[in-house]
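Here are the chains, one letter per residue:
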Amino acid sequence: MKGSEASRPPLMADAKCREHPELKWVPIQSRVSPKQLVEMRTICMSCSHRAECREHAITHDEHGMWGGTTEVERERLKSEGRLPADA
Ligand code: SF4
């Protein structure tokens, strides 16, 4: 199991991202192609853990794709007041 998968909380053992270790779920933003971002976001949209995954990322200041959002997107949503700052 790759490091990016291992960092997912245990309750996400059946997470869809675990079926796609070839993707960079915890990337340095600039190294992920637009095509990969679309692919990851599409996978997240079909995952039953999407809401809790995003909450986890917000709470733990995670990097990469969590719950269909990147850290840049989560920061923007927080700054716009669309997500709780300390969820
Ligand atoms: S929402 Fe996306 S990143 Fe989160 S557990 Fe599901 S597939 Fe993985």
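The structure presented is a predicted model; accordingly, all values stated were derived computationally and were not measured. (Residues numbered from 1 in each chain as written. Predicted model: local features only at pLDDT ≥ 70, side-chain atom pairs only at ≥ 80, totals over all residues.)

S.K.: Even after reading the chapter, I still don't get the overall build of the protein, so can you show me in this structure?
M.R.: Secondary structure assignment for the protein yields four helices and zero strands. Secondary structure of the protein in N-to-C order comes out as α-α-α-α. Put simply, 36% of the contacts in the protein that link residues at least 6 apart link residues at least 24 apart. (Helix = DSSP H or I, 4+ residues; strand = E, 2+ residues; numbered from the N terminus. Contact = placed C-beta atoms within 7 Å.)

S.K.: What should I look at first to understand the site of the ligand in this one?
M.R.: Every one of the 15 residues lining the ligand counts as a neighbour, but Ala15, Cys17, Cys44, Cys47 and Cys53 are closest to it. Of all the elements in the fold, those that place two or more residues in the shell around the ligand are α2 (34-45) and α3 (50-60). Of the residues belonging to the shell around the ligand, the class tally is nine nonpolar, three polar and three charged. (Near = placed C-beta within 6 Å. Nonpolar A, V, L, I, M, F, W, Y, C, P; charged D, E, K, R; others polar.)

S.K.: How should the nonpolar core be read in this particular structure?
M.R.: A general feature of soluble globular proteins is that nonpolar side chains tend to end up buried together. Ala15, Cys17, Trp25, Met40, Cys44, Cys53, Ala57, Ile58, Met65 and Trp66 together form the largest nonpolar core, which totals 10 residues. For this core, the elements supplying multiple residues, two or more each, are α2 and α3. For this core, the element with the highest residue contribution is α3, accounting for three residues. When neighbours within four sequence positions are excluded, Cys44 is seen to be in contact with Arg50, Met65, Gly67 and Gly68. (Core = buried A, V, L, I, M, F, W, Y, C linked by C-beta atoms within 7 Å. Buried ≥ 20, exposed ≤ 12 C-beta atoms within 10 Å, placed from the backbone.)

S.K.: Hey, could you run me through the environment of Arg74 in this one?
M.R.: Inspection of the secondary structure assignment puts Arg74 in helix α4 (residues 71-79). For the pair Arg74 and Glu62, spaced 12 residues apart in sequence, the C-alpha to C-alpha distance is 9.8 Å.

These figures come from the coordinates and say nothing about function on their own.
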